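As a plain string of letters, each chain reads:
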Amino acid sequence: MADLSPQELRVLAAVADAGGFSAAGAALGLTQSAVSHSVRGSEAKVGAVLFERGRGGASPTPAGERAVALARRILRMYEVLGAEARGAGRDTVAGVLRIAAFRSAALHLLPPALERLTARHPGIRPEVRVVRELGAGTAGEVAAGRADLGIATLNATGATGATGATGGGAGGAGGSVPAGAAAPGRLLTGVLREEAYALVHPAGHPDPRALPLLDWDENCGSYTRDWWRAQDWIPRATVKAEDDGMVLTMVGRGLGMAILPELSLREATDAVDITGLGPSGPVRRVGYVTTPESASPLAVRALIRELRSEAG
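Residues numbered from 1 in each chain as written. Predicted model: local features only at pLDDT ≥ 70, side-chain atom pairs only at ≥ 80, totals over all residues. Heavy atoms only, no water.

(A) Main features of the packing of helix α1 (residues 6-18) against helix α4 (residues 62-88). Running from amino to carboxyl end, α1 crosses α4 at an angle of 125°, the nearest separation of the two axes being 9 Å. Here α1 is positioned oblique relative to α4, judged by the angle of their axes. Handedness of the crossing formed by α1 with α4: left-handed. Across the interface between the two elements, Pro6, Leu9, Arg10, Leu12, Ala13, Ala16 and Asp17 from α1 touch Val68, Ala71, Arg72, Ile74, Leu75 and Tyr78 from α4. (Axes fitted to C-alpha atoms, helices over the stretch in contact; angles between N-to-C directions. Helix = DSSP H or I, 4+ residues; strand = E, 2+ residues; numbered from the N terminus. Parallel < 35°, antiparallel > 145°, perpendicular 65-115°, else oblique. Left-handed = near helix turned anticlockwise from the far one by under 90°. Contact = heavy atoms within 4.5 Å.)

Quick look at the structure:
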């Protein structure tokens, strides 16, 4: 099989991002016919159809999704090569660092780590995207080549490998990936912190367990489902909010009770009380997710060190 050139990889990524050949050509400064010719050439080299063509544009086939993800990751390595080669003689770390994180991690876990990171390495330019932990979640952004590192919820199996998985719970579902080192070509994970869930309810309420349950879609990963199901006092959620911050506000207004992890509870005010769920209560793992090739650049390694320092 003939190798794909960097330009051919750029065209594949642009078509996937733009959803069509004409839009991809406009983004790259190429004609529609040039983009179409490049894609046909790439498909011939790979030996698979990479895009479904239609009146509405072009969408990746399963083979195309895999090819595009790898194309983004390869192109990213070209960028890293240049940045690290330029900084080698000066012993500096510089360049864009792309991070995907779920909301509470982006609010509370990342900022102090990034503050220390950029103080030590002023040339690093972090780009943070907040991604909901549903379906593939932040791990999916890393696998697709859109992020160098993700902050994700990890399950407790210790299994190798990483896939976006939708978990269930008491009216909620969240993405999670197995914790542990992954096989080559898959994702690498590392645990940063373990945090317990707690019952949060309106301050001073005499019987918080009698209140309606408030929840949000990302809450409760698949590894906590057994615990949730065994608790006969937890009703089905009657209200689902957009995110954990909204849930906390609604609890403070006396609209119900909720079960939230520690990072979410950092925004708690005097309007709510927090009650532990005991030693048998659920605990979630929060960690980083990256790829084998993305784990080697200096900027990513420096960020992981700061995140571990922040986690204690």
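Once the structure has been displayed, the description carries forward.
(B) Representation of the side chain of Thr290 within the structure. With respect to the helices, strands and loops of the structure, Thr290 is situated in strand β13 (residues 283-290). A polar side-chain atom of Thr290 sits 2.8 Å from the main-chain carbonyl oxygen of Asp148. Beyond its immediate sequence surroundings of up to four residues, Thr290 is in contact with Val142, Asp148, Leu187, Leu188, Ala295 and Val300. (Polar contact = N/O pair within 3.5 Å; in protein donor to acceptor, adjacent residues only side chain to side chain.)

(C) View of the pattern of salt bridges. By the definition in use, this model includes 20 salt bridges. In this structure, Glu306 and Arg116 form a salt bridge, with 2.8 Å as the shortest nitrogen-oxygen distance. Of this pair, Glu306 sits in helix α11 (residues 298-311) while Arg116 sits in helix α6 (residues 110-120); the two residues are 190 residues apart in sequence, bridging distant segments of the chain. For Glu306, a relative accessible area of 9% translates into the label buried. Judged by relative accessible area, which is 24%, Arg116 ranks as partly exposed. The partner of Glu195 in a salt bridge is Arg284, with the nearest N and O atoms 2.5 Å apart. Here Arg284 lies in strand β13 and Glu195 lies in strand β8 (residues 188-202), a separation of 89 residues in the sequence. Where salt bridges share partners, they join Arg76, Glu79, Arg98 and Asp148 into one cluster. (Salt bridge = Lys/Arg side-chain N within 4 Å of Asp/Glu carboxyl O. Buried < 20%, exposed > 50% of the residue type's maximum accessible area, 1.4 Å probe, protein only.)

(D) Main features of the packing of aromatic side chains. Scanning all chains against the criterion turns up 0 aromatic pairs. Here Arg209 stacks its cationic end above the ring of Trp233, 4.1 Å away from the centre of that ring. (Phe/Tyr/Trp six-rings, centres within 6.5 Å; stacked < 30°, edge-to-face > 60°. Lys NZ or Arg CZ within 6 Å of the ring centre and 35° of its normal.)

(E) Local environment of the environment of Ile99. Along the chain, Ile99 turns up in strand β3 (residues 95-101). For the pair Ile99 and Tyr288, spaced 189 residues apart in sequence, the C-alpha separation works out to 10.0 Å. Excluding residues within four positions of it along the chain, Ile99 makes contact with Leu110, Leu114, Pro126, Glu127, Val128, Arg129, Ala147, Leu149 and Leu303.

(F) Structural detail: the nonpolar core. Leu97, Leu110, Leu117, Leu149, Ile151, Leu303 and Leu307 are the most contacted members of the largest nonpolar core, which has 25 residues in total. Put simply, the parts of the chain that give this core at least two residues each are β3, α5 (103-108), α6, β5 (149-155), β13 and α11. Top element by residues in this core is α11. It accounts for 6 residues. Discounting residues that sit within four places of it in the chain, Leu110 has contacts with Ile99, Ala101, Ala105, Val128, Ile151 and Leu307. (Core = buried A, V, L, I, M, F, W, Y, C linked by side-chain atoms within 4.5 Å.)

(G) A look at empty space enclosed by the protein. Per the stated rule, a full pass over the model turns up 2 cavities of 30 Å³ or more. Here the largest cavity defines a volume of roughly 90 Å³. Lining the largest cavity are Phe102, Arg103, Ser104, Glu133, Thr153, Trp216, Glu218, Asp244, Pro261, Ser264 and Arg284. (1 Å grid on protein atoms, 1.4 Å probe; cavity = no way out; pocket = protein on both sides within 12 Å on 5 of 7 lines; lining within 4 Å. Points joined across faces, edges and corners; volume = space filled by probe spheres on them.)

(H) Quick peek at the pairing of strand β1 (residues 51-54). Direction of pairing for β1 relative to strand β2 (residues 57-60): antiparallel, over a ladder of 4 bridges. Bridge pairing in β2 places Phe51 opposite Pro60. (Pairing = 2+ DSSP bridges.)

(I) Up close: a nonpolar patch on the surface. On the surface, Leu70, Ile74 and Tyr78 cluster together into a nonpolar patch covering about 260 Å² of accessible area. Within the secondary structure, Tyr78 is located in helix α4. (Patch = residues over 30% accessible without salt bridge, like charges linked within 9 Å, V, L, I, M, F, W, Y side chains within 5 Å. Areas by Shrake-Rupley, 256 points an atom, 1.4 Å probe, with all protein chains shown as cover.)

(J) View of the packing of α1 against helix α3 (residues 32-46). Contact pair α1 / α3: the axes reach a minimum separation of 9 Å and the direction vectors enclose 110°. As far as their axial angle goes, α3 and α1 are roughly perpendicular. Contacts from Glu8, Val11, Leu12 and Val15 in α1 reach Val35, Ser38, Val39, Ser42 and Lys45 in α3. Split into classes, the residues belonging to the contact of α1 with α3 amount to 5 nonpolar, 2 polar and 2 charged. (Nonpolar A, V, L, I, M, F, W, Y, C, P; charged D, E, K, R; others polar.)

Interpretation in functional terms is not warranted from these geometric data alone.
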